[in-house]
Amino acid sequence: MDQIIRYFFDFPLMAAYWPDILRGFLITIQMSILTVVIGIPLGLLIAIVRLYGIRPLNILIIFYIDFFRSIPQLVLIVLAYFALPYFGLVLEPITATVMALAIVLSAFSEEIFWAGISSVAKGQWEAGRSTGLNFTQTLAYIVLPQVVRMSIPPLTNRAIGISKGTTLGSVVAVPELLNVTSSIQSNVANPTALTVGALLFLVLFLPFVRFTRWLERVYAHPR
Amino acid sequence: MTVSERGRSTLEDSVVIRGLGKTFGSVEVLRNVNLDVKKGEAVVIVGSSGSGKSTCLRCINRLEEPTEGHIFVGGHEVTGKGVDLNALRRRIGMVFQSINLYPHKTALGNVTLALRKVAGLSKAEANEKGRRHLELVGLGQKADSYPAQLSGGQQQRVGIARAMALEPDVILFDEPTSALDPELVGEVLNVMVRTKELGMTMVVVTHEMQFAREVADRVVFMDHGVVLAEGTPEEILVAPEHPRIREFLTRTKS
């Protein structure tokens, strides 16, 4: 027991590192939020474009979705950082990581939104169209509100899963939370730093989970 | 507001169908259907399932695309390329078998959506008009209820209010009571009678023979995609000449 406390909960040992940890924590928060804020709306946008049924575009979209859902995020981050400069696009490590993760999230959330759109009964479209609403209005006022409600739980899962991929930013030297805490661990030869990192991840994601549960409740229409 | 109050000739035909044909792939579901519905008239289409009556109704607002023929509503051609379908549909109300209320909107929200977005009314105007139409179907008290909080009959009455609020030239009823529990059918039929009394032009596809007998100005009998007979409820439903109709009536009574 003593050993466990000495190895994993030796908080005084961390004293000198708090500023570094905090900086890493803020970077993780920043990257997670950016990934979600870019990835999910992008996914929705792609799902909407797909709905208009323009064939060549849809072939492209399906390729995009399948490709980015299959490829490991790590590879994508490495490519974004090391390969894009050859095409004249030099990205900051943080930008490269967020871009890679947001694209992956967009591919997954497109599929979630698409499943939602497909599950809205045909009669809902017909009811809207029969009153003179055009396609886009029917989509915006009748179909999407229902889709967004039912998509919140699966989107939450995906968003959390992919946001945790921010830790992969360490491969391109992003000083995010896990990167910082694991270097501290090596420096002081004590894994307490990782405990701190884990606790901070909990601090970051628990409110997020609670928030989406709250969203689900607020958005649920009485049944 | 009744149709005649809008200052159109009551002699004018509201719906005119000429030579309507519809095929799904190689299956011919409608063949040379002709139908005239005068303003303020209630025409009931009956026939066994698969006779094409719902498809015929759905061609009128082009939820189904006719393969052949011409349809006019309120003097405007619905069929043909380049028509402003959304503007026309605003003039053609529809009540669905599956009701199709918007589950995320209140009863009032269901009625006012098109008033706001299609008719361009302000929120206050739309709400006022929406409430008036909910009163009309006896649901003034339920304006703020969501569809899931209403019975099937109440939901369908909201559906009728939604169609009526736009003050269309005609309302199409596609088996409006078929999905309802038997004890809820009456309230919906009562509202439909009320709708007729207000002067609304109606085309109704239904299996409610009593409603057809009592309310219809004219009954159309469809069979295998064609209009087999057309006449007063008396002629078609009480003393039909055609053996196929007699057979149909015997089966629906049993």
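Residues numbered from 1 in each chain as written. Chains lettered and ligands numbered in written order. Predicted model: local features only at pLDDT ≥ 70, side-chain atom pairs only at ≥ 80, totals over all residues. Heavy atoms only, no water.

- If you look chain B up in an unreviewed UniProt entry, it shows as Amino acid ABC transporter ATP-binding protein from Microvirga brassicacearum.
- The record held by UniProt for chain B lists under Sequence similarities (unreviewed entry) the comment "Belongs to the ABC transporter superfamily."
- We quote the UniProt Subcellular location (unreviewed entry) comment for chain B here in full: "Cell membrane". (UniProt positions renumbered as here; feature names shortened; annotations may be inferred.)

- Within an unreviewed UniProt entry, the label attached to chain A reads Amino acid ABC transporter permease, and the organism entered is Microvirga brassicacearum.
- On record in UniProt, under Sequence similarities (unreviewed entry), the comment for chain A is "Belongs to the binding-protein-dependent transport system permease family. HisMQ subfamily."

### Quick word on the UniProt feature "domain: ABC transmembrane type-1" (unreviewed entry) in chain A
In step 1: Using the residue numbers shown here, the UniProt feature "domain: ABC transmembrane type-1" (unreviewed entry) corresponds to residues 25-212 of chain A.
In step 2: Taken end to end, residues 25-212 of chain A is 80% helix and 0% strand, and its first and last C-alpha atoms sit 21 Å apart. (Helix = DSSP H or I, 4+ residues; strand = E, 2+ residues; numbered from the N terminus.)

### Focus: the pairing of strand β1 (residues 13-24) of chain B
Residues and elements named next belong to chain B.
In step 1: Inspection of the sheet shows β1 paired to strand β2 (residues 27-38) by eight bridges, in the antiparallel sense. Paired with V16 across the two strands is D36, which belongs to β2.
In step 2: The loop that links β1 with its antiparallel partner β2 comprises two residues; one of these, G25, has a positive phi angle of about 60°. (Pairing = 2+ DSSP bridges.)

### A short note on the layout of surface pockets
Residues and elements named next belong to chain A.
In step 1: As a volume, the largest pocket reaches approximately 300 Å³.
In step 2: Every residue lining the largest pocket is counted, 15 residues in all, and those nearest its centre are I40, I152, L155, T212 and L215.
In step 3: A class-by-class count of the residues in the lining of the largest pocket yields 13 nonpolar, two polar and no charged. (1 Å grid on protein atoms, 1.4 Å probe; cavity = no way out; pocket = protein on both sides within 12 Å on 5 of 7 lines; lining within 4 Å. Points joined across faces, edges and corners; volume = space filled by probe spheres on them. Nonpolar A, V, L, I, M, F, W, Y, C, P; charged D, E, K, R; others polar.)

### Concerning the interface of chain B and chain A
In step 1: Facing 24 residues of chain B, the contacting portion of chain A comprises 21 residues.
In step 2: Around 1,900 Å² of area is buried between chain B and chain A when both sides are counted, 61% of it from carbon and sulfur atoms.
In step 3: Of all residues in chain B, Y102, H104 and K117 of chain B bury the most surface against chain A, accounting for 28% of the area lost on that side.
In step 4: At the junction of chain B with chain A, the criterion picks out one salt bridge.
In step 5: Between R58 of chain B and E126 of chain A there is a salt bridge, with its nearest N and O atoms 2.6 Å apart.
In step 6: Taken together, chain B and chain A are joined by six residue pairs in polar contact (both at pLDDT 80 or more).
In step 7: Secondary-structure elements contributing two or more residues to the side of chain B that touches chain A are α2 (85-90), β6 (92-95) and α3 (107-117) of chain B. (Contact = heavy atoms within 4.5 Å. Buried area = accessible area lost by both parts, 1.4 Å probe. Salt bridge = Lys/Arg side-chain N within 4 Å of Asp/Glu carboxyl O. Polar contact = N/O pair within 3.5 Å; in protein donor to acceptor, adjacent residues only side chain to side chain.)

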